[in-house]
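Descriptive structure summary
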Amino acid sequence: MYPKPLTYRRARTLDEAFSFLSENEDARVIAGGQSIMPMLKLRIASPSLLVDIAPIRELHEIRMEGNEIIIGAMVTHREIIESREIKSNIPMLQETARHIADVQIRNRGTLGGSICEADPSADYTPTLLVLDARVTLKSAKGERTVSLDDFLVGPFEVDIKQGEILTSVIIPVNRSAYSVVKYARRAADFAVASMAALVEKKTDGTVSDIRVAVGAQSDRPLRLRDLESELTGIKPQKRDLHLAVEKAVEGLEPIDDIHGSADYRKEVTSNILKANLGSLIFGGDSK
Amino acid sequence: MMKSGNAQVLEPADKTSTSSTRNVGKAVRRLEDLRIIRGKGGYTDDIELGNQHYAAILSSPYAHARIKRIDVSKARNLPGVVLVLTGQEAAKITRPMTSRAATVSPKSHYIMANEKVRYMGEPVAAVVATSRYIAQDAVDLIEVDYEPLPVIASIEDAMKKDAPRIYEELDSNEIVTDHFEFGNLKRAFQEADRIVKDRIRIHRYASTPLETFVVNAFYDQTRDELLAYATDQQPGRTVGSVSACLGIPSSNIRLIVPPVGGGFGYKLAVWQYVAIISLLSMKCGKPVKWVQTRMESLYAFHRPRGYMDAEFALRKDGKILGVKLTDWQSDGNWPYVSALYSLIKFANMSGVYEVPNLQFEYHCVATNDPPVVQDRGVGKPFMAFAFERMMDLSAKELGIDRARIREVNFVPPEKMPYTTASGEVYESGNYPLVFKKALEMSRYNYWINEIPKLRKEGRYVGIGIGCAIEPGTSNLGYYFLSKASEPDYNGAGQMSTVEIGQDGIIKVNMNGPEIGTGHVTTITQVVGDIFDVDAEKILVDSWFDSAHGHLTYAGTYSNAFNDVYLGAVMTAAKRLRDKALRISASYLHLPLESLSFRNGGIFSEEAEKEVLTLKQLAKISYGQLLSFPKGEEPGLKVVAGYINPTAKPFVRSDFNVQLTHANSTHIVVVEVSKDTWAPRIIDYVIVHDAGRVLNPGIVEGLAIGSTASGIGGALYEEFLFDQEENNLTLTFGDYMKPTAMEIPEIRLEMHESPAPNTVLGTKAVGEGGAITSLGAVASAVENALEPFNVRIRSLPITPENIWRMIKDTDEYRKLKGAN
Ligand SMILES: Cc1cc2nc3c(=O)[nH]c(=O)nc-3n(C[C@H](O)[C@H](O)[C@H](O)COP(=O)(O)OP(=O)(O)OC[C@H]3O[C@@H](n4cnc5c(N)ncnc54)[C@H](O)[C@@H]3O)c2cc1C
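Residues numbered from 1 in each chain as written. Chains lettered and ligands numbered in written order. Predicted model: local features only at pLDDT ≥ 70, side-chain atom pairs only at ≥ 80, totals over all residues. Heavy atoms only, no water.

1. What to know about the overall build of chain A
The test is simple: For helices the rule is a DSSP run of H or I covering at least 4 residues; for strands it is a run of E covering at least 2, with both sets numbered from the N terminus onward. Throughout, the radius of gyration refers to the C-alpha atoms, and the reference size of a globule is 2.2 Å times the residue count to the power 0.38. Burial classes: relative accessible area under 20% of the type maximum marks a residue as buried, over 50% as exposed, and values in between as partly exposed (1.4 Å probe, protein chains only). When checking whether two residues touch, look at their non-hydrogen atoms; a contact exists if any pair is within 4.5 Å. Surface exposure here means Shrake-Rupley accessible area, sampled with a 1.4 Å probe, where a residue is shielded only by the protein chains that are shown. His is not counted here, nor are the chain ends, while Lys and Arg score as positive and Asp and Glu score as negative. Here the site of a charge means atom NZ of a Lys, CZ of an Arg, CG of an Asp or CD of a Glu.
Helix and strand counts for chain A stand at 12 helices and 14 strands. Against the globule reference of 19 Å for 287 residues, chain A gives a C-alpha radius of gyration of 19 Å, in line with a compact fold. By principal-axis analysis of the C-alpha atoms, chain A measures approximately 60 × 45 × 30 Å. The buried share of chain A, taken over its 287 residues, is 55%. Of the contacts formed within chain A by residues at least 6 apart in sequence, a portion of 62% connects residues at least 24 apart. If you sum the accessible surface of chain A, you get close to 12,600 Å²; carbon and sulfur atoms cover 47% of it. Positive and negative side-chain charges of chain A, numbering 38 and 42 respectively, have mean locations separated by a distance of 4 Å.

Laid out in structure tokens, this is it:
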């Protein structure tokens, strides 16, 4: 790896990180490095200063606050897979993390890094959208919390200002039946199509809550809100589901590249939504 | 007719070629592994010379463009930079590359781009600096004005009447074309009950060794000598090519090849970079090291894309009467190897089958595709793929089972050794038996019954068959099939060195590159048997050093190790053994016949005990010269050469391209997902006959590894280009090399038909899976998709490609309607 010349600094506290970041206009945060390092290597990114936030202790915490779980930005994919709190309170997130990349990347890559990278094909974001997650951002000037849906702007673009650091992700506890599906060409690849869904049903079969998001189908992961409202409050038949899915997929403008044309991605998205929402709604395995 | 077990009647040439059997035939653990795992592999990049400087290369961003101006002033002024050399400057002091097989040789293709660039990634300029980082910074500061030229992206583009030319000095973009006919095609086609035709395509894919190209060169101006370390699979040839290109006498070039981190043919192309880096060192007087980046390694040296028009003349019962093949190949632009892919197809043009009448026409076309190298199996995987696709198609059109049509056509074992229509000699083998074993292991009949039932349940499962031979040990003479001249080099032999050191350790150097395929272990086994010693007493030096004896085309390629390198090692070892015994007999005053190497020392039948240790033997042989028999030379070092006895001269009507012929049957079961259309391999069975197996662990590893590379080519990998011939697959995120997660469990059984024409009865094994797998996988997927009635004529069979094939069929509409 031959990046352009750069300075690297390790921040021990958030305040130190803020002061490093303010030193330099094009300073960048480095977390797990699994997205930024390839960019440095290819000289696509060439910040003159890298601020490593790994030593900041509070960014590694996982804790409960009321009915919410708060995960520090530096928590790695592997730690998410291994966390008991996450397993028992939001099993869906744990399941999602298991399918990210490969062991080496899961050992280093972080939740905050993945969200800030905002790859439209990344795995966490559809799940976190379905879970109605929020993110906390801090800077020398203060702190704000925004919904993930608002935070994600476009491909590789988030609502973050120079000098701000994403410190944690807030996720309401959710143990509903869920489905997380990722389709990639190879086990360690980004998704060609992915979906995350949660369904709550009443005892009579009426859908009381359904939340669905898809990845790799647009310039950012999307909640399929029309589909959700069409299926909420009714006892849907297979036909209703299929029509709702087809309508939702019709409206997508998927990524169109060598890993999958837009048409093909729609085909797969439609098929996986039908199959997996079907099992959630009509029974069978909920994955 | 068929005998059970090893039905071969032929015996290896020399049954007694090793004196003990303590090692050969056993799955001895690889001696190399412990060193590699501990980071002691000692690869080329591990070597740092004193005052080491580093190179970086500027690659062309265009596939076809004129270089109008290069401004290197900013790069030259960067502190730490010692040299910037443009391709235009290099062209003034080097000679252009020449063709090997092509009848024409462009005069404008140099080691770096001169007036124009011809592919994306072509070297345009190079920088030497005190660090690799500075060298890269300097590359970024070089300014080049390009004038883009119309791009030739396909064979059709290249062959248009008014097409721009890749090489302006040549008359056409068609670099070589030729036509061969064997037997009576006209009659075969007249007598046929059925003629089956199709066009089968092959795509661009490649082996991608973990270790990329590395060159470290130092031109010593005080002695006018070049010392180069390189990751080179064919260093004998490199010495000659670098000498010709740079004008350095070959005696003044010393090329060393440390262990190579994966060869696969890719490392046959490094010589161009050995020339570039050596030139840089000549110019700046410093040792210069260059490590190719992964992206650079994906720019170029792939398998070529192309297509083959095939026509099979068949009898009703499936018997092949004649085959006509017309091969079109986009060779990219590297005149050096143009036509090799087409010509090597002769080696397995009729595969495991009897094809009495055969016609082959080929066209090798220059395009703006990147250059081509002799990647694992060269043209053999495509040849086998095309042939096996035609076998399936023929079966379908004649309404016979795919297994049956193969059985009808196999070369019968009693005809071995069998000479094909073009003159290839299959030295041994029992193709029907290998096939039968594979059918049994895969439970072919069970699946044939089960698949229709599964279809009723909505599951698309299919079984596929692939059969092929795996020719090994190249004569290289086929390079000259297209030319009138006599071959001035040949690959049917090698030279090796065996010695007993002063400490009594037996040292072996095969004088060829060690490319990670277990040569150290295998040589240790074989030599251990000749001297009857344990592995600890043997030291295999795995550095190739051109200062030792070697032949013009010395190198580890064409799966020739088992044949010619073992032949040379054994020749040297036996000569050394005999010499050592003569010296011992004379020293001990014992009859020569009574002495032998036994259990790590020299044993006397008469005395019934060990009479000399190897250490004592060495002491005598290197020191006590007056005790020698008359005329015996001192020392215990032998350099010997070996030639495979069955290589024959090249006549257009009768020639053998390769000298050994392993064979295998692959049977694959796949299921295609209705959600994603992704094919998943459920079962993979191989029965492989690579002659005598010296080390089952290594041989099975090679058979499985080469199959993994074939599965990559069949299902995943493709270099993709846009209309301007920009390579869109320059990282492993985009170039879909399968990982361990994608490769299924492979069930393998070996069958052994010893080769009568190799020293130990061995045959090639490193390419087999890459050759046979493509057809087998395609056959299985096509079978799974039978309800859609589609044909697979090209690869890779990606999920999206499957969906595109089926999405307008009735079955697909039915399926969608049912949902
Ligand atoms: C081969 C490969 C395969 C992969 N496959 C997948 C996959 O299948 N699915 C998937 O989801 N991901 C995949 N990834 C991405 C991986 O999950 C990364 O870990 C993740 O995208 C980035 O996390 P990181 O901690 O490594 O971030 P870094 O690379 O360190 O940073 C990424 C970006 O976010 C910024 N940033 C990081 N943390 C913060 C913060 N706390 N506040 C503000 N800005 C911040 C950085 O400045 C940088 O711009 C893959 C990566 C690789 C290399």
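2. Topic: the site of the ligand
Residue and element names in this part refer to chain A. To keep things clear, this is the line we draw: One heavy atom within 4 Å of a molecule or strand makes the whole residue count as near it. N or O atoms closer than or at 3.5 Å make up a polar contact, with two conditions inside protein: a donor-capable atom paired with an acceptor-capable one, and, for residues adjacent in sequence, both atoms drawn from side chains. Residues are grouped as follows: Ala, Val, Leu, Ile, Met, Phe, Trp, Tyr, Cys and Pro are nonpolar; Asp, Glu, Lys and Arg are charged; all remaining types, including Gly, are polar.
Taken together, 30 residues form the shell around the ligand, and within it Val29, Gly33, Gln34, Thr110 and Lys182 come nearest. The side chain of Arg28 places a nitrogen or oxygen atom 2.9 Å from an oxygen atom of the ligand. One of the backbone N or O atoms of Ser35 is found 2.8 Å from an oxygen atom in the ligand. Notes on the ligand: free accessible area 970 Å², of which the protein chains cover 89%. Listing elements by their share of the shell around the ligand, those giving two or more residues are strand E2 (27–30), helix H7 (111–117) and strand E10 (165–172). Take the shell around the ligand: its biggest share by element is 4 residues, from H7. When its residues are assigned to classes, the shell around the ligand shows 16 nonpolar, 9 polar and 5 charged.

3. Side note on the sheet that holds strand E6 (residues 143–148) of chain B
Residues and elements named next belong to chain B. Put simply, the test is: When DSSP finds two or more bridges between two strands, those strands count as paired.
Read from one edge of the open sheet, 3 strands run E4-E2-E6, paired in antiparallel fashion. One side of each edge strand has no neighbouring strand; the edge strands of this open sheet are strand E4 (116–117) and E6. Two elements, strand E2 (residues 65–71) and E4, share 2 bridges in a ladder whose sense is antiparallel. Of the residues in E4, the one forming a bridge with Arg66 is Lys116.

4. Brief notes about the interface of chain B and chain A
Under the convention used in this document: Here the buried area means the combined drop in accessible surface, using a 1.4 Å probe, for two parts upon being joined, counting both sides. By definition, a salt bridge exists where a carboxyl oxygen of Asp or Glu is found within 4 Å of a side-chain nitrogen of Lys or Arg.
Counting residues at the interface gives 36 residues for chain B, matched by 25 residues for chain A. Between chain B and chain A, a total of about 2,500 Å² is buried, with carbon and sulfur atoms accounting for 56% of that surface. Seen at the junction of chain B and chain A, the total is 3 salt bridges. Linking B:Asp137 and A:Arg43 is a salt bridge whose minimum nitrogen-to-oxygen distance equals 2.8 Å. Where chain B packs against chain A, one counts 19 residue pairs in polar contact (both at pLDDT 80 or more).

5. A word on the domain arrangement of chain A
Definition in use: Domain delimitation in this document rests on an assignment produced automatically or drawn from a domain database.
If you check the domain split of chain A, you get domain 1 (7–52), domain 2 (57–172) and domain 3 (180–282). Taken over C-alpha atoms, the centre of domain 1 of chain A sits 36 Å from the centre of domain 3 of chain A.

6. Side note on the packing of helix H11 (residues 238–250) of chain A against helix H12 (residues 262–282) of chain A
All names here are of chain A. Heads up, the condition is: Throughout, an axis means a line fitted to C-alpha atoms (over the contacting stretch in the case of helices), and angles, computed between N-to-C directions, take values from 0 to 180 degrees. Crossings are sorted by hand: turned counterclockwise from the far helix by less than a right angle, the near helix makes the crossing left-handed, and turned clockwise it makes it right-handed.
Running from amino to carboxyl end, H11 crosses H12 at an angle of 145°, the nearest separation of the two axes being 10 Å. Read as a crossing pair, H11 and H12 show a hand that is right-handed. Contacts between H11 and H12 involve Lys238, Leu241, His242, Val245, Glu246, Val249 and Glu250 from the former and Lys266, Thr269, Ser270, Leu273, Lys274, Leu277, Gly278, Ile281 and Phe282 from the latter. A per-class count over the contact of H11 with H12 returns 7 nonpolar, 4 polar and 5 charged.

7. A short note on the nonpolar core
The following threshold applies: Buried Ala, Val, Leu, Ile, Met, Phe, Trp, Tyr and Cys residues form a nonpolar core when they are joined through side-chain atoms within 4.5 Å.
Ranked by size, the top nonpolar core spans 215 residues in total, and within it A:Leu277, B:Leu280, B:Phe346 and B:Trp677 carry the most contacts. Take this core: its biggest share by element is 10 residues, from helix H11 (residues 380–398) of chain B. B:Phe346 has contacts with B:Phe180, B:Phe182, B:Phe360, B:Ser422, B:Glu424, B:Leu481, B:Phe655 and B:Val657, leaving out every residue within four places of it along the chain. Counting 52 residues, the second-largest nonpolar core is a separate cluster that includes B:Val257, B:Tyr565, B:Phe597 and B:Val638.

8. Description of the packing of helix H16 (residues 561–588) of chain B against helix H17 (residues 614–623) of chain B
Residues and elements named next belong to chain B. Short version of the rule: For classification purposes, angles smaller than 35 degrees are called roughly parallel, those larger than 145 roughly antiparallel, those between 65 and 115 roughly perpendicular, and all remaining angles oblique.
Relative orientation of the contacting elements H16 and H17 amounts to 85°, with a least axis distance of 10 Å. Classified by the angle their axes make, H16 and H17 are roughly perpendicular. Note on element contacts: H17 touches H16 through Leu617, Ile620 and Ser621, opposite Ala580, Ile583, Ser584 and Tyr587. A class-by-class count of the residues in the contact of H16 with H17 yields 5 nonpolar, 2 polar and no charged.

9. Quick word on helix H21 (residues 810–818) of chain B
To keep things clear, this is the line we draw: Comment: arc refers to directions from the helix axis out to C-beta atoms.
Residues of H21(B) that are buried: B:Glu811, B:Tyr812 and B:Leu815. All buried residues of H21(B) fall inside an arc of 100° around its axis, so they share one side. Across from the buried face of H21(B), at angles greater than 90 degrees, the exposed residues are B:Asp810, B:Lys814 and B:Gly817. In the core, the buried residues of H21(B) are packed alongside H12 of chain A together with strand E18 (460–474) and helix H20 (799–806) of chain B.

10. Quick word on the pattern of salt bridges
Residue and element names in this part refer to chain B. For the structure shown, the criterion picks out 79 salt bridges over all chains. Of the charged contacts, one joins Lys74 and Glu143 as a salt bridge, the two residues approaching to 2.5 Å between their closest N and O atoms. In this pair, Lys74 is assigned in helix H2 (residues 73–77) and Glu143 in strand E6, connecting sequence segments 69 residues apart. With relative accessibility at 30%, the residue Glu143 sits in the partly exposed group. A single network of salt bridges, built from pairs that share partners, joins Asp198, Glu388, Arg389, Asp392, Arg406, Glu782, Arg791 and Arg793.

11. Considerations on the sheet that holds strand E14 (residues 320–332) of chain B
Residues and elements named next belong to chain B. Pairing in this open sheet of 5 strands is mixed, and the strands run E7-E15-E14-E13-E8 from one edge to the other. Two strands in the sheet have a free side with no partner beyond their single neighbour: strand E7 (174–182) and strand E8 (194–202). Going from strand to strand, the sheet's axes swing by 10° on average, the running direction of each strand aside. By the bridge criterion, 8 bridges tie E7 to strand E15 (residues 357–366) in an arrangement that is antiparallel.

12. As for H11(A)
Worth spelling out the cut-off: Expected helix span is taken as 1.5 Å per residue step, with the number of steps being one fewer than the number of residues.
Between its first and last C-alpha, H11(A) extends 18 Å over 13 residues, near the 18 Å set by a 1.5 Å rise per residue. Tucked inside the fold, the buried residues of H11(A) contact helix H10 (225–231) and H12 of chain A.

13. Things to note about the domain arrangement of chain B
All names here are of chain B. Assigned domains of chain B: these are domain 1 (9–41 + 493–643), domain 2 (45–149 + 207–299) and domain 3 (305–476 + 650–721 + 746–818). Averaged C-alpha coordinates put domain 1 and domain 2 at centres separated by 38 Å. Counting residues at the interface gives 19 residues for domain 1, matched by 21 residues for domain 2. Across the domain 1/domain 2 interface, buried area totals approximately 1,500 Å², and carbon plus sulfur atoms make up 55% of it. When the shortest N-O distance is used, the salt bridge between Arg254 and Asp545 registers 2.6 Å. Where domain 1 packs against domain 2, one counts 8 residue pairs in polar contact (both at pLDDT 80 or more).

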